[in-house]
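Residue-level listing of the chains:
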Amino acid sequence: MSVIHPITVLTPELETANIKSRYARSSSELSDFRLAIENKDVQTDESVLSDFRRLVPTSGYESYRLYVDKFNSRPCKLSEVEDLLAPGLPIYIPLSSATTNKKSKQFVKYFRSQPYAHGPPPVRAKTTAFLFTFAYRDPVEVVADSGEIVKRIPQCNQSSGVMRLQNNWTIETDDTRMASILPGHVAPWATGFIIHHRSFLLIHALFALANATLEGFAVTFMPYFMDMVHRVKEEWDVLVSGIRYGEVPDFEQIGHVRAYLEANMHADPQRADELHNIGPPLSRPGWAQRVWPNLKLVKGICSGTFAAVLPQVKSVLGPNVIVHNTWYICTECLIGRSLNFEDTETFVIAANDLIEYFDMADERTPGKILQAWDLQPGKLYQPVSTSHDGLWRYLIDDVIRVTGFDPRNGLPVFRFSRRKNLELRLPHAMITEADLVSVIHAISGEDIMEVQEFTTTVGFFIGIAGDIGPNAKSARQKAFAALAATSEEHQIAFDADELGLPTIRIVKPGTFTEYRRWRGESMKFGVGQIKVPVVLSDCSAQKWMEERVMMEL
């Protein structure tokens, strides 16, 4: 196995750039660190790293809120925001998905010469349907003292920002691409500016269905692929007719891009006949391979709770299409990349930023922060990120389980365990996200129900594929047995009549797809960002879900 070489100096971004940012020069949390390195050469003096580890405390979003809020000032003055968290001005401002909060968090992302660059994949699709939004909220206009606008910064999804950064797609040049189908894409650029959830998926599907040579799909989260499949089933005849006559169907809220779509839509009766003969999705296993004989790859985040949808995804795709989990990423930073191309659950730590770790079994103090070479396989850790984008020892609200080390470079190999802030707290015990997932695994099967997606309050809301099985009545007992296996406290509480069997409510077909649409539109988020939380804490979301219950077991 390769050896992890201990870091002896800070990364170049910290030693020459971020250490000189306004935040680093003024934050009270970094005052001791500033004093310690005042007369040191941060590029060569190895004691600076020791000072960093000893004196820089962990941070959370509140440490940066007052600084990031400066971008919300009107006017947003260059003199107030230049070099704020890192050198220069941000390229884009991503918004967190607000999965666990009513309000999203803003972060700022700065230029990277090779943003999240990685080696060439073993499987590459020449033509891909990219289901990514390129829409953004009103950009932040940064003005000089003279009043001149010096930069317009889009506020957008993290996925949209990354793609823009990787391809140098600025908002100033968007109009030049609207009517174009970019190399390797199947839909016009304008499709990415449809903000209506259903129409976004259907227009992407329209151009994908029209292209018989399609080789790949790329989505943010894998449930969105199935959302598209269900929408295609609903509108199959309309889509096939559009392809036959070269007409863009009259879907909602596409008027602002219709001209660009129509310019790229051409009548293809032969393709329409092929699709008509195949029939709509979900009519038979391996449907996608029949529609697109060259399809070889579907990419999207599909680990953890998103893995519940994989059985149905693979049924739609057939056995010859690879499902690839590109990376393990959050709005704050990139944490890991897929270790092996076809393994959707195992990652290796990314080296783009400095990642440190808290042992979940220890108390959380700066002196307890561990480095990569301190980790032990089998143990649980919380990542701590010091990033190119100006975060200092930022606590990531995830828990990972280290399984070993990459023999190619010695970096930690891990699997996602759970979100740290998505937990059910009962009087006798705490139920983690990982515990809830284990319950779903225990009851998901043809004899009980094929779980497609789920969420919880004090019980389970479950979306299923098909009908319930012959042994569905045993679901609550099996669910409790799986829960009791995570902690003996549950059995003790049950025996004392302090805890009952879990409630299991089956929601109407399409409920989780509609949730993503409803939540995204109500919070004005772009398509592809909304995730269904494992623990549904928002009261309005709970009521929305309860109204769609079809059956209680």
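Report on the accompanying structure. Just so it is clear, the structure is predicted and the values come from calculations on it, not from any experiment.

What to know about the nonpolar core
Grouped together as the largest cluster of nonpolar side chains are 86 residues, with contacts concentrated most on L209, F217, M222, F225, W287 and W292. Considering each element in turn, this core owes the most residues, nine residues, to helix α8 (residues 197–210). In contact with F217, not counting residues within four places along its chain, are T128, A129, L131, A208, F225, M228, W292, L295, L297, V298 and K299.

Structural notes on the side chain of D406
Tracing the chain through its elements places D406 in the loop between β15 (398–405) and β16 (412–419). By relative accessible area, which is 2% here, D406 ends up buried.

Brief notes about the environment of A372
Structurally, the position occupied by A372 is in the loop between β12 (354–359) and β13 (380–386). Through-space distance from the C-alpha of A372 to that of R54 is 17 Å; in sequence the pair is 318 residues apart.

Quick look at the pairing of strand β7 (residues 297–301)
Within β7, four of the five residues are buried, leaving the element largely enclosed by the surrounding structure. The pairing of β7 with strand β8 (residues 322–324) spans three bridges and is parallel. Paired with V298 across the bridge in β8 is V323. With respect to chirality, the unit in which β7 leads through helix α14 (residues 310–317) into the neighbouring parallel β8 is right-handed.

With respect to the state of the cysteines
A full pass over the atoms with the stated rule returns zero disulfides. C156 supplies the cysteine sulfur nearest to C76, a cysteine that is in no disulfide, at a spacing of 16 Å. Overall, C76 belongs to the buried group, its relative accessible area being 0%.

Topic: a nonpolar patch on the surface
Taken together, the side chains of I468, M550 and M551 present a nonpolar region at the surface, about 230 Å² in accessible area. Looking at the element boundaries, I468 is found in the loop between β20 (460–465) and α16 (475–484). Its relative accessible area of 32% is what places I468 among the partly exposed residues.

A closer look at the sheet that holds β20
Read across the sheet, four strands follow the order β19-β20-β21-β22 without closing on themselves; strand pairing throughout is mixed. Each of the sheet's edge strands pairs with one partner strand only, and the pair in question is β19 (450–456) and β22 (549–552). Averaged over all pairs of adjacent strands, the angle between their axes in this sheet comes to 35°, without regard to strand direction. One ladder, built from six bridges, connects β19 with β20; its direction is antiparallel. Residue pairing for β20: E450 is matched across the bridge by A465.

Here's the deal with the sheet that holds β7
Strand pairing in a sheet relies on backbone hydrogen bonds. The paired strands run either parallel or antiparallel. Ordered by their spatial adjacency, four strands build an open sheet running β3-β6-β7-β8, and the pairing between neighbours is parallel. Unpaired on one side and paired on the other, β3 (128–131) and β8 mark the two borders of the sheet. Within this sheet the neighbouring strands show an average axis-to-axis angle of 15°, counted without direction. Two elements, strand β6 (residues 216–221) and β7, share four bridges in a ladder whose sense is parallel. Note on β7: the bridge partner recorded for F217 is V298.

Some thoughts on the packing of aromatic side chains
Under the defined criterion, the tally for this structure stands at 28 aromatic pairs. Where Y515 meets W544, the ring centres are 5.7 Å apart and the plane angle is 75°; that geometry is what we call edge-to-face. One end of the pair, Y515, is in helix α18 (residues 511–522); the other, W544, is in helix α19 (residues 539–546), and 29 residues separate them in sequence. Y515 gets classed as buried once you look at its relative accessible area, which sits at 2%. Relative accessible area serves as the criterion here: at 7%, W544 is assigned to the buried category. Each ring, one from W518 and one from W544, has its centre 5.3 Å from the other, and the planes form 20°; the classification is stacked.

Some points on the side chain of R177
Locating R177 in the fold gives a position in the loop between α7 (158–167) and α8. Residue class for R177 comes out buried when judged on its relative accessible area of 9%. Not counting chain neighbours up to four residues away, the residues in contact with R177 comprise R164, W169, T170, L182 and W189.

Some points on the pattern of salt bridges
Scanning the model with the defined rule gives 29 salt bridges in all. Close ionic contact of R112 with D389 constitutes a salt bridge, the shortest N to O distance being 3.2 Å. Linking R112 in the loop between β2 (93–94) and β3 with D389 in the loop between β13 and β14 (394–395), this pair joins segments that are 277 residues apart in sequence. For R112, a relative accessible area of 9% corresponds to the buried category. According to the relative accessible area criterion, D389 is buried, its value standing at 3%. Here R152 makes a salt bridge to E172, at a shortest N to O gap of 3.8 Å. Of this pair, R152 sits in strand β5 (residues 149–156) while E172 sits in the loop between α7 and α8; the two residues are 20 residues apart in sequence, bridging distant segments of the chain. By sharing partners, the salt bridges in this structure join R198, R231, E234, E235, E514 and R517 into a single network.

Cut-offs applied
- Residues numbered from 1 in each chain as written.
- Predicted model: local features only at pLDDT ≥ 70, side-chain atom pairs only at ≥ 80, totals over all residues.
- Heavy atoms only, no water.
- Core = buried A, V, L, I, M, F, W, Y, C linked by side-chain atoms within 4.5 Å.
- Buried < 20%, exposed > 50% of the residue type's maximum accessible area, 1.4 Å probe, protein only.
- Helix = DSSP H or I, 4+ residues; strand = E, 2+ residues; numbered from the N terminus.
- Contact = heavy atoms within 4.5 Å.
- Pairing = 2+ DSSP bridges.
- Right-handed = clockwise from strand over helix to strand, strands pointing away.
- Disulfide = S-S within 2.5 Å.
- Patch = residues over 30% accessible without salt bridge, like charges linked within 9 Å, V, L, I, M, F, W, Y side chains within 5 Å.
- Areas by Shrake-Rupley, 256 points an atom, 1.4 Å probe, with all protein chains shown as cover.
- Salt bridge = Lys/Arg side-chain N within 4 Å of Asp/Glu carboxyl O.
- Axes fitted to C-alpha atoms, helices over the stretch in contact; angles between N-to-C directions.
- Phe/Tyr/Trp six-rings, centres within 6.5 Å; stacked < 30°, edge-to-face > 60°.

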